[in-house]
Amino acid sequence: MKWSSSSRTFSIWMLLLASISGQAVAADQTNGNESDDASYSLFDNSPNSRATLTGDWGGVRTYLRNKGIEFGASWTNETAGNVTGGDRHTAAQTNQITAGLDVNAEKLLHWKGASFNFTFTWRSGRNLITDAGLYTLQQPQEVWGRGQTTRLTQLWYNQNLGSGFSFKVGRLPTGADFDNVPCLTMVNYFCGATTGNMDGSRWLNWPVSVWGGLVKYNNPRWYFQAGAYEQNDRNLDNYLFIGYLHGATGVLLPFETGLRVHLGAHGYPGAYRIGGWINTAPAADVLLASNGQPAVMAGMSMLERSGSHGGYLWFQQQLTGTFTETPGEDAIVTQGLTAYVTLTMVDKETGPVSSQVTASLRYLGLPGRKHDAVTLAFGTNHVNSRLATLDWYQAGKKGPRRDSEFAIETDYTAQVTKWLYLEPNIQFWVDPGGYTQKSMITVLGLKTGVTF
């Protein structure tokens, strides 16, 4: 077994976790990790200066917040190593630094109902899938990807119109507002918009932004929103840019509605969402060549399709414990067990993966560690049978066809301080890439998050 310098870093982090695991955290509010992709709690709204590593800057932070200006920054590291499976055993680490500015224009400029956001991200590191030859359909390290570079991730203007209506326009990640699944673990199955994780060439999640906007109606019981987002391959350019005015090939049109409920004698809150999308940009068929026949040889020109589409369901239901609630927003679990379920379908003519199902349980608030959490998550992706047929044709009709991949992750989130959490995890990947002949992969990981 050959271990790189990243492997040594992985071991050091594990030792660090062991040394602090017995420490208690005296805090009323934690960073948590339930937000789109790897954005986490970039902005801290607590007046307690201990909530961030850099504190209150001698009162400057509180002064600016009261004026409507909020600065935020965070660092995320994800280190992982495969101890079984893959072409070789190694480890890799990847990082993301995020810095942003929230502006409450009503406080700052007396502009009623208006707000602005500017967010930049910087990513660096290595990809365990490539380094270890894992062949998995999704990432063991969700913070890796979309180029190890600096990006403008958000630049938007939001306007509350009153009576529950609002709109948002600017540079936006599609998954920040639609199919926004809480980031529960380090595996990409359970973190961020599932559609973007499955079909990332058309639905772009954090940290990539596109020109777009949405309109929304929201009340305490339910909401509906619809949006339009530019389809432009240049948005994936691997360097810092504001945005392009040319090169668009179509528009992504997502829509979503959600219901907030309270179930049982204790009135435990739940959020139930359903959404879909249509994409007007052309996309290549995964099986047929331009002549309408299966592309039996690699490199053939593929048939172009238009009007690709998909849909998703997302459920979150608290089962035990306590919660807080603000009208018009999803309830926040403060202690107890919560269940999460997702079901996602994408276009079978053009999508490499046709469906995904995930189910997760998360318990927050352990005895003596009220801000720590334990998560168990299961997910499966089904390789598009048409793509599996293409691979089989191009392999000379030999060997088994690709089918489904299965991923299981369990992790422990240790809230060490209000601004630092450590999240050791173990991952199991069965039939990686949908290849039934490949051995199961076991990955040991550690996610670290710091709010500045």
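Structure shown above.
Residues numbered from 1 in each chain as written. Predicted model: local features only at pLDDT ≥ 70, side-chain atom pairs only at ≥ 80, totals over all residues. Heavy atoms only, no water.

Draft legend 1. Structural view of the nonpolar core. Membership of the largest hydrophobic core comes to 16 residues, with the highest contact counts inside it found for F178, W203, Y229, L252 and W277. When neighbours within four sequence positions are excluded, W277 is seen to be in contact with T195, D199, W203, L252, L253, P254, F255, S308, H309, G310, G311 and V346. In terms of nonpolar packing, the next biggest core, distinct from the first, is built from 15 residues, A132, L134, Y189 and V443 among them. (Core = buried A, V, L, I, M, F, W, Y, C linked by side-chain atoms within 4.5 Å. Buried < 20%, exposed > 50% of the residue type's maximum accessible area, 1.4 Å probe, protein only. Contact = heavy atoms within 4.5 Å.)

Draft legend 2. Region of interest: the packing of aromatic side chains. Counted under the stated rule, the structure contains 17 aromatic pairs. Between F165 and Y217, the ring centres sit 4.9 Å apart and the planes meet at 50°, which makes this aromatic pair tilted. Residue F165 is found in strand β5 (residues 165-172), and its partner Y217 is found in strand β6 (residues 210-218); the two are separated by 52 residues along the sequence. Here F165 falls in the partly exposed class, since its relative accessible area comes to 43%. Seen in terms of ring centroids, W203 and Y312 are 6.2 Å apart; in terms of plane orientation they differ by 85°. Their pairing is edge-to-face. In this pair, W203 is assigned in the loop between α5 (194-198) and β6 and Y312 in strand β12 (residues 308-318), connecting sequence segments 109 residues apart. For the pair formed by W203 and Y312, the shared burial category is buried. Pairwise contacts between aromatic rings join W111, F116, Y157 and F167 into one cluster. (Phe/Tyr/Trp six-rings, centres within 6.5 Å; stacked < 30°, edge-to-face > 60°. Helix = DSSP H or I, 4+ residues; strand = E, 2+ residues; numbered from the N terminus.)

Draft legend 3. Fine view of helix α2 (residues 60-67). Among the residues of α2, R61, L64 and R65 are the ones counted as buried. An end-on view of α2 places all buried positions within 105° of arc, on one side of the element. The exposed residues of α2 that point more than 90 degrees off its buried face are Y63 and N66. Contacts made by the buried residues of α2 are with β1 (69-84) and α3 (105-109). (Arc of directions from axis to C-beta.)

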